[in-house]
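One letter stands for each residue in the lines below.
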Amino acid sequence: MVALENAGMIVYDIPDSLRPFGNYLRKVLRRAGALPVNLSVYFVPWADVPRINGIIEAAKKRYAIEIADAIQNPGGNRPLRVNILKFDDAT
């Protein structure tokens, strides 16, 4: 069991126009060992964050065209957001 001060959460918001990317990202995160809390929040050991962040960046590159369109043309679409938060007194 990971102590909470050694854990973090991946929180993401993916616009509906990028639903295939969301499905892909969930599959990739689960394969990487992240534990789902709900559809857009995953619990991870903090030591794994650099590796998982690399996985997230690779997933973004795979869907670069769709993501770029959603970020640059947010007209009606929310932008793609992925944040990794550490459990500690500051956060």
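Overview of the structure. Along each chain, the written sequence defines residue order, and numbers are assigned to residues from 1. Per-residue local features of the predicted model are confined to residues with pLDDT of at least 70, and side-chain atom pairs are confined, for both listing and counting, to 80 or more; whole-chain, interface and lining totals are unaffected and use all residues. As a convention, hydrogens and water are excluded, and side-chain values are obtained from all of the structure's heavy atoms.

## Details of the overall build of the protein chain
On a plain count of helices and strands, the protein chain comes out with 3 helices and 4 strands. Put simply, DSSP marks the helices as runs of H or I at least four residues long and the strands as runs of E at least two long, and each gets a number from the N terminus on. Written out in order from the N terminus, the α and β elements of the protein chain read β-α-β-β-α-α-β. Burial classification: accessible surface area is computed with a 1.4 Å probe over protein chains only, and a residue below 20% of its type maximum counts as buried, one above 50% as exposed, and the rest as partly exposed. Counting the 91 residues in the protein chain, one finds 30% classified as buried. The contacts in the protein chain between residues at least 6 apart in sequence include a share of 74% that link residues at least 24 apart. As presented, the protein chain carries roughly 5800 Å² of accessible surface, and 55% of it is formed by carbon and sulfur atoms. Any two residues whose heavy atoms approach within 4.5 Å at even a single point are treated as in contact. A 1.4 Å probe and the Shrake-Rupley method give the accessible areas. Residues count as covered only by the protein chains that appear here.

## Some thoughts on the nonpolar core
In plain words, nonpolar cores are sets of buried Ala, Val, Leu, Ile, Met, Phe, Trp, Tyr and Cys residues tied together by side-chain atoms within 4.5 Å. Counting residues in each nonpolar core, the largest one holds 19 residues, and the members touching the most others are Ile 10, Tyr 12, Ile 14, Phe 21, Leu 25, Leu 29 and Ile 52. For this core, the secondary structure elements donating two or more residues are β1 (7-13), α1 (19-31), β3 (41-45) and α2 (49-62). Top element by residues in this core is α1. It accounts for 5 residues. Excluding anything up to four places from it in sequence, Leu 25 contacts Tyr 12, Ile 14, Ile 56 and Ala 59.

## Quick word on the packing of α1 against α2
Where α1 contacts α2, the two axes come as close as 10 Å, and the packing angle between them is 150 degrees. As the angle between them shows, α1 and α2 are arranged roughly antiparallel. You can see that α1 and α2 cross each other, and the crossing is right-handed. Where α1 approaches α2, its residues Phe 21, Tyr 24, Leu 25, Val 28 and Leu 29 are matched on the opposing element by Ile 52, Ile 55, Ile 56, Ala 59, Lys 60 and Arg 62. Residue classes follow a fixed rule: Ala, Val, Leu, Ile, Met, Phe, Trp, Tyr, Cys and Pro count as nonpolar, while Asp, Glu, Lys and Arg count as charged, and any other residue, Gly among them, counts as polar. Broken down by class, the residue content of the contact of α1 with α2 amounts to 9 nonpolar, no polar and 2 charged. Between the N-to-C directions of two axes lies an angle of 0 to 180 degrees, each axis being a line fitted to C-alpha atoms and, for a helix, fitted only over the stretch in contact. Should an angle fall under 35 degrees it is taken as roughly parallel, and over 145 as roughly antiparallel, whereas 65 to 115 is taken as roughly perpendicular and any remaining angle as oblique. By definition, turning the near helix anticlockwise from the far helix through less than a right angle yields a left-handed crossing, and turning it clockwise yields a right-handed one.

## Some remarks on the pairing of β1
Strand pairing follows a simple DSSP-based rule, namely that at least 2 bridges must link the two strands. Here 5 bridges tie β1 to β3, and the two strands are oriented antiparallel to one another. Pairing of Val 11 across the sheet is with Val 41, part of β3. When β1 meets strand β4 (residues 81-86), the two strands line up antiparallel, connected through 6 bridges. Paired with Ile 10 across the bridge in β4 is Ile 84.

## Let's talk about α2
Along its 14 residues, α2 runs 20 Å from first to last C-alpha, staying within 8% of the 20 Å computed at 1.5 Å per residue. Looking only at α2, the buried set comprises Val 49, Ile 52, Ile 56 and Ala 59. With its buried residues spanning 80 degrees around the axis, α2 presents them on a single face. Looking at α2, the residues exposed on the side facing more than 90 degrees away from the buried face are Pro 50, Lys 61 and Arg 62. Expected span of a helix, by definition, is 1.5 Å for each gap between consecutive residues, and there is one gap fewer than residues. Throughout, the arc means the angular range of directions from the helix axis out to the C-beta atoms.

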